[in-house]
Number of protein chains: 2
Amino acid sequence: MAERLVVIGGDAAGMSAASQARRLRGPQELAIVAFDQGNYLSYSACGIPYFVGGVVDELDRLVVRTPEQFATRQDIDARVRHQVTEVDLDKGAVKVTDVDEGTEAWEGFDRLLIATGATPRRPPLPHADADGIFGVQVLDDGRAIFETMRERGPRRAAVVGGGYIGLEMAEAFKMRGLDVTVVERSSHPMPSLDDDIAVLIADAMEGMGIAFHSSEPVEAFEATDGWVSGVVTTKRTIPVDIVVLGLGVDPNVELAAAAGVPIGPSGAIAVDRRMRTGIEGVWAAGDCAEKFHRVSRSPVSIALGTHANKEGRVAGINLGGGYASFPGVIGTAVSKLCDTEVGRTGLNEDEAGAAGFSFITATVDSTTRAGYYPETQPIKTKLLAERGSGRLLGAQIVGKEGAAKRIDVLATAIWNEMSVDELLNIDLSYAPPFSPVWDPVLIAARKAWQLVEQSAKGP
Amino acid sequence: MAERLVVIGGDAAGMSAASQARRLRGPQELAIVAFDQGNYLSYSACGIPYFVGGVVDELDRLVVRTPEQFATRQDIDARVRHQVTEVDLDKGAVKVTDVDEGTEAWEGFDRLLIATGATPRRPPLPHADADGIFGVQVLDDGRAIFETMRERGPRRAAVVGGGYIGLEMAEAFKMRGLDVTVVERSSHPMPSLDDDIAVLIADAMEGMGIAFHSSEPVEAFEATDGWVSGVVTTKRTIPVDIVVLGLGVDPNVELAAAAGVPIGPSGAIAVDRRMRTGIEGVWAAGDCAEKFHRVSRSPVSIALGTHANKEGRVAGINLGGGYASFPGVIGTAVSKLCDTEVGRTGLNEDEAGAAGFSFITATVDSTTRAGYYPETQPIKTKLLAERGSGRLLGAQIVGKEGAAKRIDVLATAIWNEMSVDELLNIDLSYAPPFSPVWDPVLIAARKAWQLVEQSAKGP
C-alpha cells in the first residue's frame, strides 16, 4: 500500500513540497493530501498590496495553481476550507474540520509536513479585534480588504507598523485615493533598515502625501458600532475607516507545539537542514519553520515567500526519498514605495552589534548608470564590514529605478563570506546604460576597505 | 629629491594610477608626469556610441577630468598631445614628441607605468586605410566620427564586426537616421555569446531595421577619391558613406616590446598581481596589460574600462608604496541594443570546451518581475555548469528592461566558485515588482543542478 503524506497548509511551502515529493514518488508509492483552512492554495501573498492598489486587476492572478490542477496534473488531493485542529503523533493522524460541512474527521499519515504559515501580530489593545482592522498574510485577507473597499468606500486608512508590507499597503490605499497615515513605534520606517537609510523612505512617503508618525506607539483603537473608527497613539487620535496591521507576524506553531513538536528559540518550529523537526517523520517548512541566519549564526523567524518556496522544495525532495538541504538565510529583502526602491541584506547596525561584531560602516552616493547617461538615477549604498577582516556583514541600498536589485550582488558576496577588499575588485558588468565604470556596489566596497584599513591603524 | 613617476597613456588606467599614487605620496616625495598622444585624458570611451547617437549631447561630458584639474587638484603634470616614441630602460627615460611643437625631448623616470591602451584591429585588406573607416577606441575617434557625420552627412553606414562596440555603433547610426548594415564573419552577432543566445540579438537588429549579414567575412573595401565607398564581402558589395570597425582591439605593446619589457602569451604585456612587468620599476595597467582569467586559468587580453580602472588603482597604490593586488577577470560584459539587454560572464561553450571542462548547459525563460506584475519583461538565462561538481562556469542573459544586470549575481557566484546546487538556495531579494518568487537566476540554477544530477547517473 502507498505511504501517505499529509501536508498542513496549502501555500508556497506546503504545495512546493507536495509537488517535489510527487515528482520523485508516483501515486502508487505515495498518496499526498494537503489541507488549507482558507479558500486558496499556492498563491502569492506578496501580491496583495498590488491587487488592493489596482496594479494587478484580479485576485485570481495571484493564484499559481488551483485544487483541480493539483488533482488532475499531479494527483495531489488538496482540500481548501479544511482546517486541521489537532495533530496526534502517536496515532499518526490529524483531526480535520470541513469548514463548509461542519464535520470532523481523523486523517492518518505516515509522514507529516507542517506548513501552517504565520499570522499578523494583533496587539492586545482595546478594540484591536474591531471589524475593519486587517492583517495582510493570506489571500483571504486581500479579498476581505478589497471587498471592504468596494462595499464601504473608506476614505481614511491607517497603517500600524511601517515595515515592508505596511508601506506597500499604504501606497495601495494612496493609489485608491484614500487619505493614508502610517504610525510606527520606532524612530523610522522599515525598522530592518538603519536610520540613515530609512530617512529616505520617510522622505518618499512625504513626497507621496502619506502622513507618517514615527516614535508613536499605538495605545488603543476606537470602534463605532463594532467597526474601527480611530487609532489612538501616544500623541494623537487618528480618525479612520480602515486599518491595516503591519506589526510583523508570528509563526503558527500552536498545532505543532500542542502535539509535542519542539519549538526553537525564535518561537518557530525547530528544523534541521533537511527541514526535519525533532519528531521522526514530521517535517516543517515555510513561515512556521525556524531559519538559520548565516551571518549572525542565530536561529531566526523570518516570514518570506522566497524562503517558503525554497524550504518547501527541500522538504519535498527529502520526503520523496531524495536529498536536499536548506543552507539558511541572510535577511535579504527588497521593496519599493512609489519610485523609491530599497533593498537590504545581512545584518544592520543593531543586528551586527547584537551578534558581537565590531564593524565599520561606509555609505556612498552614486548613480545607477554612467553619470552622463540619460535617466541615470541616484543610488545610496551602505555597507557594514567587520573590523580587521573586512568581511562584509550587511548592506542597504536606497535609490530610484534600477537601484535596489543590486542588493543581490551584495547578498551573494555575504553568502560567500567575502571581504570588502575582495569585493571591490570583482568583475561586475559595465556599460554606460547600466552602471558607472565603478559600479556603486564596488565604490562602496572601496570606501569600506579604506575604513577597515584606517581602523586597523588605530586612532 | 623627489622620485619621478612617468605614466605613458592618460586614460582610465594611467590616470587612476597617477591619482592613487598621489594619494599615498605627496609632491615632495613623488613627482608624477603623464603623457597622452591624444587630446583628452581620463575619459569614458564606452560612451562614444551614445555621443554619436545623440543620447549624450556633448563630447566633453565623457571627460572625467582635464589636465588643468589634474595639475591644480593633484599636482599631476598631465600633458596631452605628447607622444612617447621610445622607452630607454637603461637610461631610465622616455623620448617624447610634443605633437604641436614638433619637438622631441627625453624625460627621465625612476618608475614607469605603461598604460598605452589598445588599437582597433584594421584588417590588411585593400583600401582598409581609406578615409571614412573608423575604429572606436579613444575619445578622438568619437570626435572624428561625429565631425564626419556633421560635415559629410553620410546616409549609409556599415559596421564590420558584430561585437559589443560594433552593435552599439550600429544603433547610434540608426538613431541618426542612417541606413545601417552590420557584417560579421562568424555565424552570429556578439561572438562572445553562444548561438542560441545571440540569435535574439539578431532578432533585435531586425526589429530595429538594421541589416545583418552573418558568416560573411569582409574581403576588401572600395574607395572613391580616397574616401570609403563600399564594403566587399564574400557575398556582396555594400555601398557605404562611413564605416566603423568592430573587429576587436590589439593591445599597444610596441613601445614596451621594443624596450625589452616581456610580452605574455595573449599578446599583452605580462604583469603580476601587483601590475609589475618583468622589468624592475616598470609597471603596466589597462588594455595593454595581460589579465588572468579566473575560470579558464589562462592569460587573456580583454580591453575594458572597468578592468583598466581597477588595474590602475592597484598599480597606483603599489607605486605609491602601499599594497594592492588585482585578482583577475572572469569575462563579464553587458550591453544593450534598443530595448534588448544582454549580459555574459565566465566561459561560453567554446571557451569552456577549450579550457578542458566537461559541462552541461541549462537555459530557462522567465520574467523580470512577478508574472502578474505590470511591465514584467521576458528574460532568458543560460548557465554552464561543470559535470560532476556542478560548479558554475559561465552565464548568459538576454531579455528586456531589468534583465541584463542580473548577470552580476552570476559573476559574483562564479567569482566564488559556487556550484549551481549552492546557488539555487541563495537568499536573493524578492518582491513582485522586482522578481518572481524564484528569481530567474535561481530557476536556471535549479534546472542546471537537475541536469548535473542526471548526467552523474549517466544515460
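These numbers come from a predicted model, not from an experiment.

### Section: empty space enclosed by the protein
Rolled over the atoms, a probe with the dimensions of a water molecule shows which regions are left empty. Applying the stated criterion across every chain yields a total of one cavity of 30 Å³ or more. Counted as a void, the largest cavity has a volume near 30 Å³. Among the residues forming the lining of the largest cavity, the class breakdown is three nonpolar, no polar and three charged.

### Quick notes on the pairing of strand β5 (residues 93–98) of chain B
Residues and elements named next belong to chain B. Taking burial as the measure, the six residues of β5 include six buried ones, the bulk of the element. The side-chain alternation of β5 yields two buried faces, one formed by Ala93, Lys95 and Thr97 and the other by Val94, Val96 and Asp98. In the sheet, strand β4 (residues 82–88) pairs with β5 via six bridges, with the strands oriented antiparallel. Residue pairing in the sheet places His82 in a bridge with Asp98 of β5.

### Section: the packing of helix α10 (residues 407–415) of chain A against helix α10 (residues 407–415) of chain B
Between α10 of chain A and α10 of chain B, the shortest axis-to-axis distance is 8 Å and the interhelical angle comes to 15 degrees. The orientation of α10 of chain A relative to α10 of chain B falls into the category roughly parallel. Of the two elements, α10 of chain A crosses α10 of chain B, and the hand of that crossing is right-handed. For the pair α10 of chain A and α10 of chain B, contact is made by Asp408, Val409, Thr412 and Ala413 of chain A and by Asp408, Val409, Thr412 and Ala413 of chain B, respectively. Here the residues of the contact of α10 of chain A with α10 of chain B sort into four nonpolar, two polar and two charged.

### Digging into the interface of chain B and chain A
Contact with chain B, which involves 65 residues of that partner, is made by 65 residues of chain A. With both chains or domains summed, chain B and chain A bury close to 5,500 Å², and 59% of this area falls on carbon and sulfur atoms. Area buried by chain B at its contact with chain A is led by Tyr372, Asp427 and Phe434 of chain B, which between them contribute 15% of it. At the surface where chain B touches chain A, the tally comes to two salt bridges. Inspection of the chain B/chain A interface yields 24 residue pairs in polar contact (both at pLDDT 80 or more). Those elements that place two or more of their residues in the side of chain B that touches chain A are α1 (12–24), α8 (305–319), β21 (333–337), α10 and α12 (440–457) of chain B. Its residues placed into classes, the side of chain B that touches chain A shows 34 nonpolar, 18 polar and 13 charged.

The rules behind each value
Residues numbered from 1 in each chain as written. Chains lettered and ligands numbered in written order. Predicted model: local features only at pLDDT ≥ 70, side-chain atom pairs only at ≥ 80, totals over all residues. Heavy atoms only, no water. 1 Å grid on protein atoms, 1.4 Å probe; cavity = no way out; pocket = protein on both sides within 12 Å on 5 of 7 lines; lining within 4 Å. Points joined across faces, edges and corners; volume = space filled by probe spheres on them. Nonpolar A, V, L, I, M, F, W, Y, C, P; charged D, E, K, R; others polar. Buried < 20%, exposed > 50% of the residue type's maximum accessible area, 1.4 Å probe, protein only. Helix = DSSP H or I, 4+ residues; strand = E, 2+ residues; numbered from the N terminus. Pairing = 2+ DSSP bridges. Axes fitted to C-alpha atoms, helices over the stretch in contact; angles between N-to-C directions. Parallel < 35°, antiparallel > 145°, perpendicular 65-115°, else oblique. Left-handed = near helix turned anticlockwise from the far one by under 90°. Contact = heavy atoms within 4.5 Å. Buried area = accessible area lost by both parts, 1.4 Å probe. Salt bridge = Lys/Arg side-chain N within 4 Å of Asp/Glu carboxyl O. Polar contact = N/O pair within 3.5 Å; in protein donor to acceptor, adjacent residues only side chain to side chain.

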